[in-house]
Amino acid sequence: SCSAARTFAGALERERLPQAIELAKRARANGWQVLLFSETSSEDLFRRETEDPGTYQQLDEAMGGQLSKIIPPFPDVFDKLRAEFGEQIGDFSGRGNSMAERERAKGDFLSGETPMLYTTYAAGGIGVSLHDADYPDRGIKGGDKPRVTIYLGPPYSGVLLEQAMGRPWRFGVKSDVHAVFLATDSEPDVRLMQQKVGPRMRALRASVLGERDSLASAMSSYTDDESVRARQESLAYL
């Protein structure tokens, strides 16, 4: 089901946070602006402060609270990122901040005042621009803010894939853009990377690294941490 897939994706994303943080630090050290995308933002799937109960809340109530006992709260992605980067990172995810706060975070990122931004794949709907370009209405001149976009996992929806890739990289981009999709060697991730993400990137005339390797077979041949990290970097989709 969609709910089960999102739960699985959210759990995997939290495991990738340390790698994403290290990549973000390296990118910042080299002068790149950093966008970090995740599937979900909330740390508690069952107690969101909304007028209408969500799917997870309804299921949990129908099961007498057993579902929330099985699935523990996820670590909050933005809290982890803010602990590492402080005021360097803004929040466009809609995880509780108002629309005005989100727009302010977006504007600060586009202008370069805040060099990092956290968001979710679906935040803001279709057509959100997070790429380096001229924004005359905001008084922003583009051309000097190259982007590294870090996706905590390959999107499990074609629409979300298009949205996630299109936000930093579209017509009018003035600076280089690197897109890094973090993935496991699980069959669903490997299939998505090889059959969906890679071909879509090539269709956009991007340079794609790692497309000839089977992630599962490549990763299974390594045991020490240093070699694993080196191999992961060589398999990254850029």
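The rules we used
Residues numbered from 1 in each chain as written. Predicted model: local features only at pLDDT ≥ 70, side-chain atom pairs only at ≥ 80, totals over all residues. Heavy atoms only, no water. Helix = DSSP H or I, 4+ residues; strand = E, 2+ residues; numbered from the N terminus. Contact = heavy atoms within 4.5 Å. Core = buried A, V, L, I, M, F, W, Y, C linked by side-chain atoms within 4.5 Å. Buried < 20%, exposed > 50% of the residue type's maximum accessible area, 1.4 Å probe, protein only. Pairing = 2+ DSSP bridges. Axes fitted to C-alpha atoms, helices over the stretch in contact; angles between N-to-C directions. Arc of directions from axis to C-beta. Salt bridge = Lys/Arg side-chain N within 4 Å of Asp/Glu carboxyl O.

S.K.: Please clarify how the overall build of the chain should be interpreted in this entry.
M.R.: In terms of helices and strands, the chain carries nine helices and five strands. Traced from its N-terminal end to its C-terminal end, the chain shows the element sequence α-β-α-α-α-β-α-β-β-α-β-α-α-α. Put simply, 74% of the contacts in the chain that link residues at least 6 apart link residues at least 24 apart.

S.K.: Sorry if this is basic, but what is going on with the environment of Gly-142 here?
M.R.: Secondary-structure assignment places Gly-142 in the loop between β3 (116-120) and β4 (147-151). With near-sequence residues (within four places) excluded, Gly-142 lies in contact with Asp-132, Ala-133, Asp-134 and Lys-174.

S.K.: Can you walk me through the nonpolar core in this structure?
M.R.: Note that soluble globular proteins tend to have their nonpolar side chains buried in a common cluster. Counting 26 residues, the largest nonpolar core has Phe-37, Leu-117, Tyr-151, Phe-181 and Met-201 as the members making the most contacts within it. In terms of nonpolar packing, the next biggest core, distinct from the first, is built from 20 residues, Val-34, Val-77, Phe-85 and Val-148 among them.

S.K.: Got a minute to help me understand the sheet that holds strand β2 (residues 89-91) in this structure?
M.R.: Two pairing modes exist for strands in a sheet, parallel and antiparallel, and in both the strands are linked by backbone hydrogen bonds. Reading across from one edge, β2-β3-β1-β4-β5 is the order of the five strands in this open sheet, with parallel pairing throughout. Both edges of this open sheet fall to β2 and β5 (177-181), since each of them pairs with a single strand only. Each adjacent strand pair in this sheet contributes to an overall mean axis angle of 20°, direction not counted. Sheet analysis places strand β1 (residues 33-38) next to β3, joined by five bridges and oriented parallel. Of the residues in β3, the one forming a bridge with Ser-38 is Thr-120. On top of the sheet, helix α4 (residues 77-85) reaches β1, β2 and β3; it is set at about 155° to β2, its chief contact.

S.K.: Sorry if this is basic, but what is going on with α4 here?
M.R.: In an α-helix, one turn spans 3.6 residues; hence positions three or four apart end up facing the same way. Among all positions of α4, only Val-77, Phe-78, Leu-81 and Phe-85 are buried. Take α4 and look down its axis: the buried residues cluster within an arc of 85°, on one side only. Taken from the residues just after α4, Gly-86 is the one with a positive phi, measuring 60°.

S.K.: Help me understand the side chain of Gln-33, please; the structure alone is not making it clear to me.
M.R.: Mapped onto the fold, Gln-33 is located in strand β1. Look past the residues within four positions of Gln-33 in its chain and what remains in contact with it is Arg-28, Phe-109, Gly-112, Thr-114, Pro-115, Lys-145, Pro-146, Arg-147 and Val-148.

S.K.: Please clarify how the side chain of Thr-114 should be interpreted in this entry.
M.R.: Looking at where Thr-114 falls in the secondary structure, it is placed in the loop between α5 (99-111) and β3. Classification of Thr-114 as buried rests on a relative accessible area of 10%. Other than its neighbours up to four places away in sequence, Thr-114 contacts Gln-33, Glu-87, Gln-88, Ile-89, Gly-90, Asp-108 and Phe-109.

S.K.: It is not clear to me how the environment of Gln-163 should be interpreted in this structure. Could you clarify?
M.R.: Within the secondary structure, Gln-163 sits in helix α6 (residues 158-166). We classify Gln-163 as buried; its relative accessible area is 12%.

S.K.: Teacher, can you tell me more about the pattern of salt bridges here?
M.R.: Pairing between side chains becomes possible if they bear opposite charge and their charged atoms approach one another. For the structure shown, the criterion picks out eight salt bridges. Glu-87 serves as the salt-bridge partner of Arg-82, at 3.4 Å between the closest nitrogen and oxygen. On the accessibility criterion, Arg-82 (29% relative accessible area) is partly exposed. Overlapping salt bridges, with partners in common, bring together Glu-22, Lys-25 and Glu-84 in one network.

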